[in-house]
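Secondary and tertiary structure notes
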Amino acid sequence: KALPHEEQSALQNWLSLLRRTLPATTGSGMKLVHSQITDLLQQFDQIVLGEDKFVKLLDESHPNPTKTAEPTWSEECTQGGDSHKGYTCGLWTLFHVMT
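Thresholds applied
Residues numbered from 1 in each chain as written. Predicted model: local features only at pLDDT ≥ 70, side-chain atom pairs only at ≥ 80, totals over all residues. Heavy atoms only, no water. Helix = DSSP H or I, 4+ residues; strand = E, 2+ residues; numbered from the N terminus. Buried < 20%, exposed > 50% of the residue type's maximum accessible area, 1.4 Å probe, protein only. Contact = heavy atoms within 4.5 Å. Areas by Shrake-Rupley, 256 points an atom, 1.4 Å probe, with all protein chains shown as cover. Salt bridge = Lys/Arg side-chain N within 4 Å of Asp/Glu carboxyl O. pLDDT = per-residue confidence, 0-100. Core = buried A, V, L, I, M, F, W, Y, C linked by side-chain atoms within 4.5 Å.

A word on the overall build of the chain
Scanning the chain for helices and strands turns up six helices and zero strands. When the helices and strands of the chain are placed in sequence order, the string is α-α-α-α-α-α. Residues counted as buried form 24% of the 99 residues belonging to the chain. For the chain, contacts bridging at least 24 residues in sequence account for 48% of all contacts bridging at least 6. Total accessible area computed for the chain in this model is approximately 7500 Å², and 56% of it derives from carbon and sulfur atoms.

Quick look at the structure:
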């Protein structure tokens, strides 16, 4: 079922806001999310035709990161070392999104 016009507008505005505000630094998990948002916006006319098209685009363009090898911390999260210092990566990402 296609998304109603008013909801299409809200989704497009939300995705645009996320693309502008989420950090897309190299090596961070947010780079993948940023890339996915860009893909969704580029193919927006297709993804609003139905949930199946939305999910298919995400599945085809970006493999599920949980199915890959053991997850690792980015350099930003480890501050270039082997240990986790200071705030968690998720909290830092939240700070970046909020500012």
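Structural notes on the pattern of salt bridges
Within this structure, the stated rule accounts for one salt bridge. A salt bridge links Glu60 to Lys56, with the nearest nitrogen and oxygen atoms 3.8 Å apart. A residue pair is termed a helical-turn pair when its members lie 3 or 4 positions apart in one helix, as Glu60 and Lys56 do in helix H4 (residues 51–61) at four residues. The class for Glu60 is exposed, based on a relative accessible area of 58%.

Examining the environment of Ser61
Its place among the elements puts Ser61 in helix H4. For the pair Ser61 and Ser35, spaced 26 residues apart in sequence, the C-alpha to C-alpha distance is 9.4 Å.

Considering the confidence of the model for the chain
On average, residues of the chain carry a pLDDT of 76, and 63% of them reach 70 or more. Mean pLDDT across the elements of the chain ranges from a minimum in helix H5 (residues 75–78), with 62, to a maximum in helix H3 (residues 44–47), with 93.

Observations concerning the side chain of His34
Tracing the backbone through its elements, the reader meets His34 in helix H2 (residues 29–42). Of the residues examined, His34 reaches a relative accessible area of 18% and is grouped as buried. Those residues in contact with His34 that sit more than four places away from it in its chain are Arg19, Leu22 and Ala24.

Description of the environment of Val48
One can find Val48 in the loop between H3 and H4. As a C-alpha pair, Val48 and Leu3 span 45 residues in sequence and 5.3 Å in three-dimensional space. Setting aside chain neighbours within four positions, we find Val48 in contact with Ala2, Leu3 and Gln8.

Considerations on the nonpolar core
Of all hydrophobic cores here, the largest spans 11 residues; its members are Leu15, Leu18, Leu22, Met30, Ile37, Leu40, Leu41, Phe44, Ile47, Val48 and Leu57. Elements with a minimum of two residues in this core: helix H1 (5–21), H2 and H3. The leading source of residues in this core is H2, at four residues. Those residues in contact with Leu40, other than ones at most four positions away along the chain, are Leu15, Ile47, Phe54, Leu57 and Leu58.

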